[in-house]
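# Inside the fold
Now for the letters of each chain:
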Amino acid sequence: MTIIIKTEEEIAAMRQAGRIVAMILKTIVEEIKPGMATKELDDIAARELKRHGAKSSFKGYRGFPANLCVSVNDEIVHGIPGKRVLREGDIVSLDFGAIYHGFQGDAALTVGVGRISKKAEALIETTNGALKAGIGAARAGGRLGDISHAIQNYAETRGYSVVREYTGHGIGRDMHEEPQIPNFGPPDSGPVLKRGMTLALEPMVNTGDWRTRVGDDQWTVMTADGSLSAHFEHTIAITDGEPEVLTKEVHA
Ligand code: MG
């Protein structure tokens, strides 16, 4: 397994890609409202990519037909934007990646459409918390399993399950580099984390069981039991101290 260590210059380029991803996701979130078709969210992504001079990481990837993954309610990841109309109370997971000057940024978040249930709110909060726990465990000298374990522990101690069949990943010039980053597993296991590693951490958390199934479109992944799912992701860089979140929007 080869984990590519990035130079300062390469991380600077990834910071730019990550910032574009964060800004575009923010724009999409601001425009979401009940009555919108999920395709309209993809149109915003396409428009904003063009405006920033960036390219979609997803469109054409293994034939994926859109710029943005839009996964609603029991859908976990890889939902294809289309005619589905968002309704008040839905939760929507948006996963988005962009390429800028040859480097990738990748991030995701789940948001509510209008007013949502307390149950959905708690799921979203827990999934975001699980990502933060994973980021908190991403320290040079520690090991990859520390991240996986922190995510799993955060979600499971709160009564949720983590999806096991899909993982986070290394990222850089390619969207998916080594290593795979499971959202579960024992601490103090796996490769040692080093400064300059760039990783996309992405817990997918369910209110029910962790098992998944793939829809008829061969892309959309959903919970096997129909329970709700949320997804949060950041691209981070391992440093000598706190990890740097590369997909965090820098406010002017
Ligand atoms: Mg990803």
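The present account deals with the structure reproduced in this document. Given the structure is predicted, the values throughout are model-derived calculations rather than measurements.

### Some words on the overall build of the protein
Looking only at helices and strands, the protein has 4 helices and 15 strands in total. Its C-alpha atoms give the protein a radius of gyration of 17 Å, within 12% of the compact-globule value 18 Å for 252 residues. Along the first, second and third principal axes, the C-alpha set of the protein runs to 45 × 40 × 35 Å. Put simply, the protein has 252 residues, and 54% of those count as buried.

### Structural notes on the coordination of the magnesium ion
Listed as protein donors to the magnesium ion are Asp106 (OD), His169 (NE2), Glu202 (OE) and Glu233 (OE); their distances from the metal cover 2.2 to 2.5 Å. Sequence spacing among the residues donating to the magnesium ion works out to D-x62-H-x32-E-x30-E. Separated by 63 residues along the polypeptide, aspartate 106 in strand E5 (residues 103–112) and histidine 169 in strand E7 (residues 168–170) bring together distant segments of the chain. One exposure class covers both aspartate 106 and histidine 169, and it is buried.

### Regarding the nonpolar core
In this structure, Ile91, Leu123, Ile147, Leu199, Leu201 and Ile236 are the most contacted members of the largest nonpolar core, which totals 28 residues. Among the secondary structure elements, those contributing two or more residues to this core are helix H3 (118–136), helix H4 (144–156) and strand E9 (198–201). The element contributing the most residues to this core is H3, with 6 residues. In this view, leucine 123 contacts Ile91, Tyr160, Val205, Asn206, Thr207, Leu228, Ser229 and Ala230; residues no more than four positions away in its chain are not counted. Ranked by size, the runner-up nonpolar core spans 26 residues in total, among them Leu41, Leu68, Tyr100 and Ala107.

### Considering the packing of aromatic side chains
Tallied over the full model, the rule gives 1 aromatic pair. Taking 5.0 Å as the distance between ring centres and 85° as the angle between the ring planes, the aromatic pair formed by phenylalanine 64 and tryptophan 219 counts as edge-to-face. You can see phenylalanine 64 sitting in the loop between strand E1 (55–56) and strand E2 (68–72) and its partner tryptophan 219 sitting in the loop between strand E11 (212–214) and strand E12 (221–223), a full 155 residues away along the chain. Taking the ring centre of phenylalanine 184 as reference, the NZ or CZ of arginine 164 above it sits at 4.7 Å.

Rules used throughout
- Residues numbered from 1 in each chain as written.
- Predicted model: local features only at pLDDT ≥ 70, side-chain atom pairs only at ≥ 80, totals over all residues.
- Heavy atoms only, no water.
- Helix = DSSP H or I, 4+ residues; strand = E, 2+ residues; numbered from the N terminus.
- Rg over C-alpha atoms; globule rule 2.2 N^0.38 Å.
- Buried < 20%, exposed > 50% of the residue type's maximum accessible area, 1.4 Å probe, protein only.
- Donors = N, O, S within 2.8 Å, 3.2 Å for Na, K, Ca; no water.
- Core = buried A, V, L, I, M, F, W, Y, C linked by side-chain atoms within 4.5 Å.
- Contact = heavy atoms within 4.5 Å.
- Phe/Tyr/Trp six-rings, centres within 6.5 Å; stacked < 30°, edge-to-face > 60°.
- Lys NZ or Arg CZ within 6 Å of the ring centre and 35° of its normal.

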